[in-house]
Amino acid sequence: MFTRRTTLSKFLIEQLKGSKESNDLAALLVDVAAAIKAISAVAAKGALEGNTGSLETVNVQGETQKPLDVLTNEIMLRHCDWGGLVAGMASEEMEEPFAIPAEYERGRYLLLFDPLDGSSNIDLNVAVGTIFSVLVHDSAQPPQLQDFLQIGKKQVAAGYAIYGPSTLLVLTVGRGTHGFTLDREIGNFILTHPNLSVPNETSEFAINTSNERFWEPPMQRYVEECKAGKTGPRERDFNMRWIASMVAEVHRILIRGGVFMYPRDSKAPNKSGRLRLLYEANPMAMLIEQAGGLASTGRGCLLEKQPEQLHQRAPVILGSRCEVERIERYHHEYDKGEDQPFVSPLFNERSLFRPEARA
Ligand code: AHG
Ligand code: MN
Ligand code: MN
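Per chain, residues are indexed from 1 in the order of the written sequence. Going through the entries in the order they are written, you letter the chains from A and number the ligands from 1. Selection of residues for local features in this predicted model requires a pLDDT of at least 70, selection of side-chain atom pairs for listing and counting requires 80 or more, and totals for whole chains, interfaces and linings are taken over all residues. Hydrogens and waters are ignored; side-chain quantities use all the structure's heavy atoms.

*Asks:* I tried to follow the site of ligand 1 on my own but got confused; where do I start?
*Replies:* Consider each residue's heavy atoms; a residue with any of them within 4 Å of a molecule or strand counts as near. Neighbouring ligand 1 are 18 residues; Asp117, Gly118, Trp242, Met246 and Tyr262 lie closest to it. At 3.4 Å from an oxygen atom of ligand 1 is found a main-chain nitrogen or oxygen belonging to Leu116. Between N or O atoms, a polar contact is any pair within 3.5 Å; within protein, one atom must be a potential hydrogen donor and the other a potential acceptor, and residues adjacent in sequence are included only when both atoms are from side chains. Between ligand 1 and Trp242 there is a distance of 2.9 Å, counted from an oxygen atom to a side-chain nitrogen or oxygen. Coverage of ligand 1 by the protein chains reaches 87% of its 480 Å² of free accessible surface. Runs of E in the DSSP output that reach at least two residues are strands. Runs of H or I that reach at least four are helices, and both are numbered from the N terminus. Going through the elements one at a time, strand S3 (109–117), strand S11 (259–262) and strand S12 (275–276) are the ones with two or more residues in the shell around ligand 1. When residues of the shell around ligand 1 are assigned to their parent elements, the largest contribution, three residues, is made by S3. Three categories are distinguished: nonpolar for Ala, Val, Leu, Ile, Met, Phe, Trp, Tyr, Cys and Pro, charged for Asp, Glu, Lys and Arg, and polar for the others, with Gly belonging to the last. Split into classes, the residues belonging to the shell around ligand 1 amount to seven nonpolar, four polar and seven charged. Computed by Shrake-Rupley with a 1.4 Å probe, the accessible areas treat only the displayed protein chains as cover when residues are assessed.

*Asks:* Explanation requested: the coordination of the manganese ion (ligand 2) in the structure shown.
*Replies:* Around a metal, the idealised angle for a tetrahedral arrangement of four donor atoms is 109.5 degrees; for an octahedral arrangement of six donor atoms it is 90 or 180 degrees. Only nitrogen, oxygen and sulfur atoms within 2.8 Å of the metal, or 3.2 Å for Na, K and Ca, are treated as donors, and water is left out, so sites may look incomplete. Coordination of the manganese ion (ligand 2) by the protein comes from Asp114 (OD), Asp117 (OD) and Glu280 (OE), over a distance range of 1.9 to 2.1 Å. In primary sequence terms, the donor set of the manganese ion (ligand 2) follows D-x2-D-x162-E.

*Asks:* Is there a simple way to think about the sheet that holds strand S13 (residues 294–296) in this case?
*Replies:* Note on sheets: strands pair through backbone hydrogen bonds, and any given pair is parallel or antiparallel. Paired strands, in this sense, are two strands between which DSSP finds at least two bridges. The strand order across the open sheet formed by five strands is S10-S9-S11-S15-S13, and the pairing between neighbours is mixed. Only two strands of the sheet have a single partner each, and these edge strands are strand S10 (239–240) and S13. Sheet topology places S11 next to strand S15 (residues 316–319); four bridges connect them, and they run antiparallel. Among the inter-strand pairings, Phe260 is bridged to a residue of S15, identified as Leu318. Where helix H7 (residues 277–290) meets the sheet, its contacts fall on S13 and S15, and the angle it forms with S15 comes to roughly 25°. Contacts were defined at the residue level, with two residues in contact if any of their heavy atoms lie within 4.5 Å. To obtain an axis, a line is fitted to C-alpha atoms, over the contacting stretch when the element is a helix, and the angle between two such axes runs from 0 to 180 degrees between their N-to-C directions. The sheet contacts of helix H8 (residues 321–335) involve S11, S13 and S15, and relative to S15 the element is tilted by about 150°.

*Asks:* Looking at this structure, I do not really get the packing of aromatic side chains. What am I missing?
*Replies:* In this analysis, rings of Phe, Tyr and Trp, with Trp reduced to its six-membered ring, are considered paired at centre separations within 6.5 Å, and the interplanar angle assigns stacked below 30 degrees, edge-to-face beyond 60, and tilted for intermediate values. Scanning the model with the defined rule gives five aromatic pairs in all. Grouping aromatic residues by their ring pairs yields a cluster made of Trp242, Phe260 and Tyr262. Comment: the charge-over-ring label is applied if NZ (Lys) or CZ (Arg) is within 6 Å of the ring centre and within 35 degrees of the ring normal. Cation over ring: Arg221 sits above Tyr330, and NZ or CZ is 3.7 Å from the ring centre.

*Asks:* Looking at this structure, I do not really get the sheet that holds strand S2 (residues 98–99). What am I missing?
*Replies:* In spatial order, the strands read S2-S1-S3-S4-S5-S6-S7-S8; together these eight strands make up an open sheet with mixed pairing. Only two strands of the sheet have a single partner each, and these edge strands are S2 and strand S8 (188–193). Both strand S1 (residues 86–91) and S3 contribute to a ladder of five bridges, which runs parallel. Bridge assignment links Ala90 to a residue of S3, and that residue is Leu112. Contacts from helix H2 (residues 23–45) reach S1, S3, strand S4 (128–136), strand S5 (157–163), strand S6 (167–172), strand S7 (178–183) and S8, with the element oriented near 160° to S4. Of the strands in this sheet, S1, S2, S3 and S4 are in contact with helix H3 (residues 67–80), which crosses S3 at around 155°.

*Asks:* Would you mind going over the pattern of salt bridges with me for this structure?
*Replies:* Here the idea is simple: oppositely charged side chains can pair when their charged atoms come close. What makes a salt bridge here is a side-chain nitrogen of Lys or Arg within 4 Å of a carboxyl oxygen of Asp or Glu, nothing more. Scanning the model with the defined rule gives 25 salt bridges in all. Linking Arg276 and Glu92 is a salt bridge whose minimum nitrogen-to-oxygen distance equals 3.2 Å. Taken together, the residues span a long stretch of sequence, with Arg276 in strand S12 and Glu92 in the loop between S1 and S2 at a distance of 184 residues. The residue Glu216 makes a salt bridge to Arg299 at a minimum N-O spacing of 2.9 Å. Taken together, the residues span a long stretch of sequence, with Glu216 in the loop between strand S9 (204–206) and helix H5 (217–228) and Arg299 in the loop between S13 and strand S14 (313–314) at a distance of 83 residues. According to the relative accessible area criterion, Arg299 is partly exposed, its value standing at 37%. Residues joined by salt bridges that share partners form a network here, namely Glu204, Glu249, Arg252 and Arg256. Here the term buried applies to any residue with accessible area under 20% of the maximum for its type, exposed to any over 50%, and partly exposed to those in between, with areas from a 1.4 Å probe on protein chains only.

What follows is the structure in structure tokens.
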């Protein structure tokens, strides 16, 4: 028997009916989805196509590029530059915004993306992804750098693809967060995860703890308290995950909750965190907030942070509402000098772990 399934195009036409955004936005997201299908195919080939290892080139972030960083960037550009839908594009892999070639019409959208997120994992066959953000450019003039520097609240769409055992596209046009699974035999994205919802409470956190000594005290306090589990002030055990692919961490949080943190640190003092505001932090923040979670810099709403540079980095704390609110409170208390640094019971006066007790 034939069952009617909701394809991405059908879903987008229905979601955008009566909204301020025209069918052009649906058409652009279908182009992005086509690029994602192509990326999924090349990522799946792995070493068969010589896509492993590193290149000798370095991107604007100072990071050594992988063959797939360059190829996936090209795939995104070529799928989206021709249709008269975008006014300009910007990517992690390009220092300057990409101007639409003269032979094509320009549209009213700006497309910003990280073509391959978690690319350090590609040789390990661990899940990687693509992240994208869509902004409006309401001008007949070609966009200037300044036009890309819009706060996250102005995004009209955001999403990511995750290339794991299956390929999923998760997106929002400001009416909830929805997931589509790629049916490879038919070549369509099918709605499989409608109305994703991040639970308010969680006992799972994700952070790269090797940076602990570089964090600010409120972050050290939060993670210390989680690690202390039942014996600490939180009075319950926490679980930790770190995949080093933001798409995989955010996907986990959208499926079962949790909190993800890449906070400000003093490792590279001229950089404010690790993740890039415009094409990593903002789209993920919109997806999480559309699913009922919260996204913060630790000191305020991430989606309200004014970008000053295209490749600017930002502290990112996102996920289950209660944990993000708690982390914001710890920053606030620290800034006002009101925080109580947490001392783990493992190291208190009666502990066997005290240096003198062990001597
Ligand atoms: P990219 O591969 O696009 O440079 O991004 C990698 C990011 C993100 O996916 C992940 O959360 C973080 O970098 C991993 O950082 P660590 O290397 O500190 O684990
Ligand atoms: Mn990335
Ligand atoms: Mn990347």
